[in-house]
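Structural features, examined
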Amino acid sequence: MARRALGPATLAVVQAVEAAHEGEPVLVACSGGADSLALAVAVTVLASRTGCAARAVVVDHGLQPGSAEHSERVAEQVRELGLPAEVATVTVTAGGQGPEAAARDARYDALAAAFGAGERCYLGHTLDDQAETVLLGLARGSGLRSIAGMPAVRDRFVRPLLGLRRSVTRQACREQGVSWWDDPHNDDDRFARVRVRQSVLPVLEAELGPGVAEGLARTADLARYDADALDALTPTGAPPDCTVLAGLAPAVRHRVLRAWLLAQGAHEVNQRHVLAVAALVTDWHGQRWVEVPGLRVLRRAGVLVVEPHRPAVADR
Ligand SMILES: Nc1ncnc2c1ncn2[C@@H]1O[C@H](COP(=O)(O)OP(=O)(O)OP(=O)(O)O)[C@@H](O)[C@H]1O
(Lines give C-alpha, C1' and ligand atoms only; values in the text may rest on other atoms or scores of the structure.)
Protein backbone atom coordinates (compact mmCIF):
# COMPACT_ATOMS: atom_id res chain seq x y z
CA MET A 1 0.00 0.00 0.00
CA ALA A 2 1.29 3.47 -0.83
CA ARG A 3 2.06 4.91 2.57
CA ARG A 4 0.46 8.19 3.53
CA ALA A 5 2.46 11.00 5.09
CA LEU A 6 3.09 10.18 8.73
CA GLY A 7 0.76 12.18 10.96
CA PRO A 8 1.61 13.01 14.59
CA ALA A 9 0.00 9.90 16.08
CA THR A 10 1.71 7.61 13.56
CA LEU A 11 5.01 9.34 14.27
CA ALA A 12 4.53 8.74 18.00
CA VAL A 13 3.99 5.01 17.35
CA VAL A 14 7.02 4.89 15.03
CA GLN A 15 9.18 6.59 17.68
CA ALA A 16 8.06 4.11 20.32
CA VAL A 17 8.92 1.20 18.02
CA GLU A 18 12.29 2.70 17.11
CA ALA A 19 13.10 3.16 20.81
CA ALA A 20 12.39 -0.52 21.51
CA HIS A 21 14.24 -1.87 18.47
CA GLU A 22 17.74 -3.24 19.00
CA GLY A 23 18.47 -4.10 15.38
CA GLU A 24 16.83 -7.53 15.49
CA PRO A 25 14.42 -9.02 12.92
CA VAL A 26 10.86 -8.29 14.08
CA LEU A 27 7.82 -10.53 14.30
CA VAL A 28 4.62 -8.51 14.87
CA ALA A 29 1.79 -10.29 16.69
CA CYS A 30 -1.29 -8.87 15.00
CA SER A 31 -4.86 -9.48 16.12
CA GLY A 32 -6.47 -7.03 13.70
CA GLY A 33 -7.19 -4.57 16.55
CA ALA A 34 -6.14 -0.93 16.33
CA ASP A 35 -3.11 -1.37 18.62
CA SER A 36 -1.44 -4.17 16.72
CA LEU A 37 -2.33 -2.70 13.31
CA ALA A 38 -0.75 0.62 14.31
CA LEU A 39 2.22 -1.43 15.49
CA ALA A 40 2.38 -3.18 12.10
CA VAL A 41 2.32 0.20 10.32
CA ALA A 42 5.17 1.47 12.51
CA VAL A 43 7.20 -1.69 11.94
CA THR A 44 6.91 -1.27 8.15
CA VAL A 45 8.33 2.25 8.61
CA LEU A 46 11.08 0.87 10.85
CA ALA A 47 11.93 -1.82 8.29
CA SER A 48 12.11 0.67 5.44
CA ARG A 49 14.31 3.01 7.49
CA THR A 50 16.68 0.43 8.95
CA GLY A 51 16.48 -2.45 6.48
CA CYS A 52 15.68 -4.90 9.29
CA ALA A 53 13.65 -7.99 8.42
CA ALA A 54 10.04 -7.84 9.60
CA ARG A 55 6.95 -9.99 9.30
CA ALA A 56 3.70 -10.63 11.12
CA VAL A 57 1.73 -13.54 12.47
CA VAL A 58 -2.00 -13.69 13.19
CA VAL A 59 -3.08 -16.38 15.64
CA ASP A 60 -6.35 -18.13 14.89
CA HIS A 61 -7.67 -19.54 18.17
CA GLY A 62 -10.41 -21.39 16.30
CA LEU A 63 -12.93 -20.48 19.00
CA GLN A 64 -15.59 -18.78 16.87
CA PRO A 65 -17.17 -19.86 13.60
CA GLY A 66 -15.46 -17.99 10.77
CA SER A 67 -12.28 -17.35 12.79
CA ALA A 68 -10.08 -18.84 10.02
CA GLU A 69 -11.54 -16.44 7.43
CA HIS A 70 -11.23 -13.52 9.85
CA SER A 71 -7.56 -14.34 10.57
CA GLU A 72 -6.79 -14.64 6.86
CA ARG A 73 -8.42 -11.25 6.23
CA VAL A 74 -6.25 -9.67 8.95
CA ALA A 75 -3.14 -11.30 7.45
CA GLU A 76 -4.10 -9.94 4.02
CA GLN A 77 -4.58 -6.47 5.49
CA VAL A 78 -1.10 -6.63 7.04
CA ARG A 79 0.37 -7.78 3.70
CA GLU A 80 -1.24 -4.74 2.08
CA LEU A 81 0.53 -2.59 4.67
CA GLY A 82 3.77 -4.08 3.38
CA LEU A 83 4.66 -6.89 5.80
CA PRO A 84 4.73 -10.62 4.99
CA ALA A 85 2.08 -12.21 7.20
CA GLU A 86 0.90 -15.69 8.02
CA VAL A 87 -1.82 -17.27 10.13
CA ALA A 88 -0.89 -19.68 12.93
CA THR A 89 -3.80 -21.92 13.92
CA VAL A 90 -3.88 -23.21 17.49
CA THR A 91 -6.01 -25.63 19.43
CA VAL A 92 -7.17 -24.18 22.71
CA THR A 93 -7.61 -26.78 25.42
CA ALA A 94 -9.10 -25.47 28.65
CA GLY A 95 -7.34 -27.09 31.59
CA GLY A 96 -7.97 -25.92 35.15
CA GLN A 97 -8.03 -22.32 33.90
CA GLY A 98 -10.72 -20.25 32.20
CA PRO A 99 -11.13 -20.07 28.40
CA GLU A 100 -9.49 -16.61 28.17
CA ALA A 101 -6.35 -17.77 29.97
CA ALA A 102 -6.25 -20.98 27.90
CA ALA A 103 -6.47 -18.93 24.67
CA ARG A 104 -3.70 -16.61 25.88
CA ASP A 105 -1.40 -19.53 26.75
CA ALA A 106 -2.04 -21.16 23.36
CA ARG A 107 -1.34 -17.81 21.65
CA TYR A 108 2.00 -17.28 23.40
CA ASP A 109 3.00 -20.90 22.64
CA ALA A 110 2.17 -20.34 18.96
CA LEU A 111 4.09 -17.07 18.86
CA ALA A 112 7.11 -18.68 20.54
CA ALA A 113 6.94 -21.57 18.05
CA ALA A 114 6.91 -19.06 15.16
CA PHE A 115 10.21 -17.40 16.16
CA GLY A 116 12.84 -17.30 13.45
CA ALA A 117 16.56 -16.92 14.21
CA GLY A 118 17.19 -13.81 16.33
CA GLU A 119 13.62 -12.55 16.01
CA ARG A 120 11.79 -10.78 18.80
CA CYS A 121 8.02 -10.64 18.89
CA TYR A 122 6.36 -7.22 19.24
CA LEU A 123 3.00 -7.07 21.03
CA GLY A 124 0.54 -4.16 20.88
CA HIS A 125 -0.28 -3.66 24.58
CA THR A 126 -0.71 0.02 25.43
CA LEU A 127 -0.56 2.20 28.54
CA ASP A 128 -4.34 1.75 28.88
CA ASP A 129 -3.90 -2.05 29.03
CA GLN A 130 -1.24 -1.55 31.71
CA ALA A 131 -3.45 0.81 33.78
CA GLU A 132 -6.34 -1.69 33.59
CA THR A 133 -4.03 -4.50 34.68
CA VAL A 134 -2.88 -2.51 37.73
CA LEU A 135 -6.46 -1.73 38.80
CA LEU A 136 -7.50 -5.36 38.40
CA GLY A 137 -4.44 -6.53 40.36
CA LEU A 138 -5.14 -4.02 43.15
CA ALA A 139 -8.75 -5.12 43.46
CA ARG A 140 -7.78 -8.82 43.51
CA GLY A 141 -5.48 -8.25 46.47
CA SER A 142 -2.95 -10.66 45.05
CA GLY A 143 0.17 -8.75 45.91
CA LEU A 144 2.88 -6.62 44.43
CA ARG A 145 3.57 -8.85 41.44
CA SER A 146 0.04 -8.46 40.10
CA ILE A 147 0.26 -4.66 40.45
CA ALA A 148 3.58 -4.82 38.60
CA GLY A 149 1.63 -5.38 35.38
CA MET A 150 3.36 -6.29 32.14
CA PRO A 151 7.07 -5.73 31.59
CA ALA A 152 8.15 -3.95 28.40
CA VAL A 153 10.49 -6.86 27.61
CA ARG A 154 10.25 -10.46 28.75
CA ASP A 155 12.46 -13.02 27.07
CA ARG A 156 11.88 -12.49 23.36
CA PHE A 157 8.57 -10.64 23.74
CA VAL A 158 8.60 -6.85 23.51
CA ARG A 159 5.80 -4.34 24.17
CA PRO A 160 6.91 -1.13 22.46
CA LEU A 161 3.59 0.69 22.94
CA LEU A 162 3.32 0.42 26.74
CA GLY A 163 4.01 4.15 27.06
CA LEU A 164 1.30 5.20 24.57
CA ARG A 165 -2.43 5.73 25.12
CA ARG A 166 -4.85 3.58 23.15
CA SER A 167 -6.30 6.78 21.65
CA VAL A 168 -2.94 7.33 19.92
CA THR A 169 -2.95 3.93 18.17
CA ARG A 170 -6.51 4.55 16.99
CA GLN A 171 -5.58 7.97 15.73
CA ALA A 172 -2.54 6.48 13.95
CA CYS A 173 -4.82 3.99 12.18
CA ARG A 174 -7.13 6.81 11.13
CA GLU A 175 -4.18 8.83 9.84
CA GLN A 176 -3.08 5.86 7.77
CA GLY A 177 -6.58 4.97 6.54
CA VAL A 178 -6.35 1.58 8.27
CA SER A 179 -9.64 0.14 9.48
CA TRP A 180 -9.39 -2.10 12.49
CA TRP A 181 -11.47 -4.85 13.98
CA ASP A 182 -13.13 -4.41 17.36
CA ASP A 183 -13.18 -7.73 19.17
CA PRO A 184 -16.74 -8.13 20.55
CA HIS A 185 -15.15 -9.45 23.77
CA ASN A 186 -13.76 -5.95 24.29
CA ASP A 187 -17.34 -4.70 24.79
CA ASP A 188 -18.68 -7.62 26.77
CA ASP A 189 -19.23 -6.25 30.26
CA ARG A 190 -19.32 -9.72 31.78
CA PHE A 191 -15.51 -9.33 31.79
CA ALA A 192 -14.06 -7.33 34.70
CA ARG A 193 -11.43 -5.83 32.38
CA VAL A 194 -14.14 -4.44 30.12
CA ARG A 195 -15.92 -2.85 33.10
CA VAL A 196 -12.63 -1.31 34.22
CA ARG A 197 -12.03 0.04 30.70
CA GLN A 198 -15.53 1.35 30.12
CA SER A 199 -16.57 2.53 33.58
CA VAL A 200 -13.87 2.57 36.25
CA LEU A 201 -10.96 4.22 34.47
CA PRO A 202 -13.10 6.97 32.87
CA VAL A 203 -14.60 7.79 36.30
CA LEU A 204 -11.15 7.93 37.89
CA GLU A 205 -9.91 10.19 35.12
CA ALA A 206 -12.97 12.45 35.43
CA GLU A 207 -12.79 12.65 39.23
CA LEU A 208 -9.04 12.71 39.81
CA GLY A 209 -7.99 14.59 36.73
CA PRO A 210 -5.78 13.72 33.80
CA GLY A 211 -2.69 11.62 34.38
CA VAL A 212 -4.45 8.81 36.29
CA ALA A 213 -3.72 6.16 33.66
CA GLU A 214 -0.11 7.34 33.43
CA GLY A 215 0.13 7.21 37.25
CA LEU A 216 -1.19 3.66 37.29
CA ALA A 217 1.32 2.64 34.61
CA ARG A 218 4.13 4.25 36.62
CA THR A 219 2.91 2.33 39.67
CA ALA A 220 3.36 -0.86 37.65
CA ASP A 221 7.00 0.01 36.92
CA LEU A 222 7.76 0.93 40.54
CA ALA A 223 6.01 -2.18 41.86
CA ARG A 224 7.98 -4.34 39.43
CA TYR A 225 11.30 -2.93 40.67
CA ASP A 226 10.27 -3.66 44.26
CA ALA A 227 8.91 -7.12 43.49
CA ASP A 228 12.11 -8.04 41.61
CA ALA A 229 14.23 -6.86 44.55
CA LEU A 230 12.17 -8.81 47.08
CA ASP A 231 12.29 -11.94 44.93
CA ALA A 232 16.09 -11.60 44.76
CA LEU A 233 16.25 -11.29 48.58
CA THR A 234 14.17 -14.42 49.14
CA PRO A 235 16.24 -17.42 50.21
CA THR A 236 15.53 -20.56 48.22
CA GLY A 237 15.12 -23.92 49.89
CA ALA A 238 14.61 -22.26 53.30
CA PRO A 239 13.57 -24.79 55.94
CA PRO A 240 9.92 -24.69 57.09
CA ASP A 241 11.16 -24.07 60.63
CA CYS A 242 8.77 -21.65 62.31
CA THR A 243 11.43 -19.89 64.36
CA VAL A 244 13.46 -19.18 61.22
CA LEU A 245 10.35 -18.13 59.30
CA ALA A 246 9.19 -15.86 62.10
CA GLY A 247 12.51 -14.02 61.92
CA LEU A 248 12.00 -13.03 58.28
CA ALA A 249 10.34 -9.82 57.12
CA PRO A 250 6.71 -10.61 56.19
CA ALA A 251 7.28 -9.84 52.49
CA VAL A 252 10.17 -12.33 52.41
CA ARG A 253 8.40 -14.89 54.63
CA HIS A 254 5.38 -14.89 52.32
CA ARG A 255 7.59 -15.45 49.29
CA VAL A 256 9.41 -18.33 51.03
CA LEU A 257 6.08 -19.93 51.95
CA ARG A 258 4.65 -19.54 48.47
CA ALA A 259 7.71 -21.14 46.84
CA TRP A 260 7.72 -23.91 49.46
CA LEU A 261 3.99 -24.69 48.97
CA LEU A 262 4.47 -24.95 45.21
CA ALA A 263 7.54 -27.19 45.71
CA GLN A 264 5.41 -29.43 47.96
CA GLY A 265 2.94 -29.93 45.11
CA ALA A 266 0.21 -27.34 45.80
CA HIS A 267 -1.86 -26.98 42.63
CA GLU A 268 -2.41 -23.27 43.09
CA VAL A 269 -1.24 -20.78 45.71
CA ASN A 270 -2.89 -17.38 46.09
CA GLN A 271 -2.22 -14.70 48.69
CA ARG A 272 -5.10 -15.88 50.88
CA HIS A 273 -3.46 -19.32 51.12
CA VAL A 274 -0.09 -17.74 51.89
CA LEU A 275 -1.54 -15.54 54.65
CA ALA A 276 -3.38 -18.49 56.20
CA VAL A 277 -0.18 -20.59 56.25
CA ALA A 278 1.80 -17.61 57.57
CA ALA A 279 -0.63 -17.48 60.51
CA LEU A 280 0.60 -20.97 61.50
CA VAL A 281 3.97 -19.29 61.99
CA THR A 282 3.10 -15.90 63.45
CA ASP A 283 -0.30 -16.46 65.06
CA TRP A 284 0.00 -20.00 66.40
CA HIS A 285 -2.80 -20.99 68.77
CA GLY A 286 -3.04 -24.69 68.02
CA GLN A 287 -4.87 -24.50 64.63
CA ARG A 288 -5.49 -27.99 63.18
CA TRP A 289 -4.40 -27.36 59.59
CA VAL A 290 -4.62 -24.99 56.63
CA GLU A 291 -5.94 -26.24 53.30
CA VAL A 292 -4.23 -25.21 50.08
CA PRO A 293 -5.35 -26.83 46.79
CA GLY A 294 -3.78 -30.30 46.82
CA LEU A 295 -2.29 -30.03 50.33
CA ARG A 296 -2.97 -29.75 54.01
CA VAL A 297 -0.37 -27.77 55.95
CA LEU A 298 0.19 -28.51 59.62
CA ARG A 299 2.53 -27.23 62.28
CA ARG A 300 4.19 -30.04 64.23
CA ALA A 301 6.89 -29.47 66.84
CA GLY A 302 7.59 -26.00 65.51
CA VAL A 303 8.00 -27.14 61.89
CA LEU A 304 5.59 -26.89 58.95
CA VAL A 305 4.70 -30.20 57.31
CA VAL A 306 2.31 -31.12 54.53
CA GLU A 307 -0.06 -33.95 53.84
CA PRO A 308 -1.57 -34.61 50.43
CA HIS A 309 -5.19 -33.57 50.41
CA ARG A 310 -8.05 -34.33 48.05
CA PRO A 311 -11.29 -32.83 49.32
CA ALA A 312 -14.08 -35.35 49.80
CA VAL A 313 -16.69 -35.12 47.01
CA ALA A 314 -19.13 -33.41 49.39
CA ASP A 315 -16.53 -30.69 50.11
CA ARG A 316 -15.82 -29.86 46.47
N1 LIG B 1 -5.14 -13.45 17.67
C2 LIG B 1 -3.99 -12.79 17.82
N3 LIG B 1 -2.99 -12.97 16.94
C4 LIG B 1 -1.80 -12.33 17.08
N5 LIG B 1 -1.52 -11.50 18.09
C6 LIG B 1 -2.47 -11.28 19.00
C7 LIG B 1 -3.76 -11.90 18.93
N8 LIG B 1 -4.50 -11.48 19.98
C9 LIG B 1 -3.72 -10.64 20.67
N10 LIG B 1 -2.51 -10.51 20.10
C11 LIG B 1 -1.38 -9.66 20.54
O12 LIG B 1 -1.53 -9.36 21.91
C13 LIG B 1 -1.74 -7.94 22.07
C14 LIG B 1 -2.73 -7.67 23.18
O15 LIG B 1 -3.87 -8.46 23.01
P16 LIG B 1 -5.32 -7.91 23.32
O17 LIG B 1 -6.22 -9.08 23.40
O18 LIG B 1 -5.24 -6.96 24.46
O19 LIG B 1 -5.51 -7.11 21.98
P20 LIG B 1 -6.79 -6.78 21.11
O21 LIG B 1 -7.64 -5.80 21.83
O22 LIG B 1 -7.44 -8.03 20.60
O23 LIG B 1 -6.08 -6.11 19.83
P24 LIG B 1 -5.12 -4.86 19.74
O25 LIG B 1 -4.23 -4.87 20.97
O26 LIG B 1 -4.36 -5.10 18.47
O27 LIG B 1 -6.01 -3.64 19.67
C28 LIG B 1 -2.21 -7.46 20.72
O29 LIG B 1 -1.94 -6.10 20.53
C30 LIG B 1 -1.40 -8.34 19.79
O31 LIG B 1 -0.06 -7.88 19.67
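Calculation criteria
- For every chain, the first residue of the written sequence is number 1, and numbering continues from 1 along that sequence.
- Per-residue local features are limited, in this predicted model, to residues with pLDDT of at least 70; the limit for side-chain atom pairs, both in listing and counting, is 80 or more; totals at the level of whole chains, interfaces and linings are taken over all residues.
- Computation of side-chain values covers all heavy atoms of the structure but excludes hydrogens and water.
- Paired strands are those between which DSSP finds at least two bridges.
- What counts as a helix is a DSSP run of H or I of at least four residues, what counts as a strand is a run of E of at least two, and both are numbered from the N terminus.
- Each axis is a line fitted through C-alpha atoms, and for a helix only the stretch in contact is used; angles between axes span 0 to 180 degrees, taken between their N-to-C directions.
- Only heavy atoms enter the contact rule, under which two residues are in contact if any of them lie within 4.5 Å.
- Domain ranges listed in this record stem from an automatic or a database domain assignment.
- Whether two aromatic rings pair depends on their centres lying within 6.5 Å, for rings of Phe, Tyr and Trp, where Trp uses its six-membered ring; planes under 30 degrees apart make the pair stacked, over 60 edge-to-face, and the rest tilted.
- Only Lys NZ and Arg CZ are tested; either one counts as a charge over a ring when it is within 6 Å of the ring centre and within 35 degrees of the ring normal.
- Throughout, near means a residue has at least one heavy atom within 4 Å of the molecule or strand.
- In protein, a polar contact requires one atom able to donate a hydrogen and another able to accept it; more generally it is a pair of N or O atoms within 3.5 Å, and residues adjacent in sequence count only if both atoms are side-chain atoms.
- Calculation of accessible area relied on Shrake-Rupley with a 1.4 Å probe; when residues are assessed, cover is drawn exclusively from the protein chains displayed.

Read from one edge of the open sheet, three strands run β7-β8-β9, paired in antiparallel fashion. A single partner strand is all that each edge strand has here, and the edge strands are β7 (290–292) and β9 (303–308). Going from strand to strand, the sheet's axes swing by 30 degrees on average, the running direction of each strand aside. Contacting β7, β8 (295–300) and β9, helix α11 (residues 250–263) crosses the sheet at an angle of about 30 degrees to β9. Contacting β7, β8 and β9, helix α12 (residues 271–282) crosses the sheet at an angle of about 150 degrees to β7.

Along its sequence, the chain is carved into domain 1 (8–213) and domain 2 (235–308). Domain 1 and domain 2 are separated by 38 Å when their C-alpha centres are compared.

Here we take up the packing of aromatic side chains. Scanning the entire structure with this criterion turns up two aromatic pairs. On the basis of an interplanar angle of 70 degrees and a centroid distance of 5.3 Å, the ring pair of Tyr108 and Phe157 is categorised as edge-to-face. In this pair, Tyr108 sits in helix α4 (residues 99–114) while Phe157 sits in strand β6 (residues 157–158), placing the two residues 49 residues apart along the sequence. Cluster of aromatic residues (ring-pair linked, three or more members): Tyr108, Phe115 and Phe157. The aromatic ring of Phe115 is capped on one face by Arg156, whose charged end is 4.2 Å from the ring centroid. For Arg296, the ring lying beneath its charged end belongs to Trp289, and the centroid distance is 3.8 Å.

So, about the site of the ligand. In the vicinity of the ligand lie 16 residues, with Ala29, Ser31, Ser36, Val59 and Gly124 positioned nearest. A distance of 2.9 Å is found between a nitrogen atom of the ligand and a backbone nitrogen or oxygen belonging to Val59. Asn186 places a side-chain nitrogen or oxygen 3.2 Å from an oxygen atom of the ligand. When the free accessible area of the ligand is taken as 570 Å², the share hidden by the protein chains comes to 85%. Where the shell around the ligand is concerned, the elements lending two or more residues are α2 (34–50) and β2 (54–60).

The side chains of a regular strand alternate, first on one face of the sheet and then on the other. As paired elements, β7 and β8 share three bridges and run antiparallel to each other. By the bridge assignment, Val290 is partnered in β8 with Val297. Bridge count for β8 against β9 is six bridges, and the pairing is antiparallel. When the bridges of β9 are listed, Arg300 appears paired with Val303. The antiparallel hairpin formed by β8 and β9 contains two residues in its connecting segment, where Ala301 sits at a positive phi of about 50 degrees.

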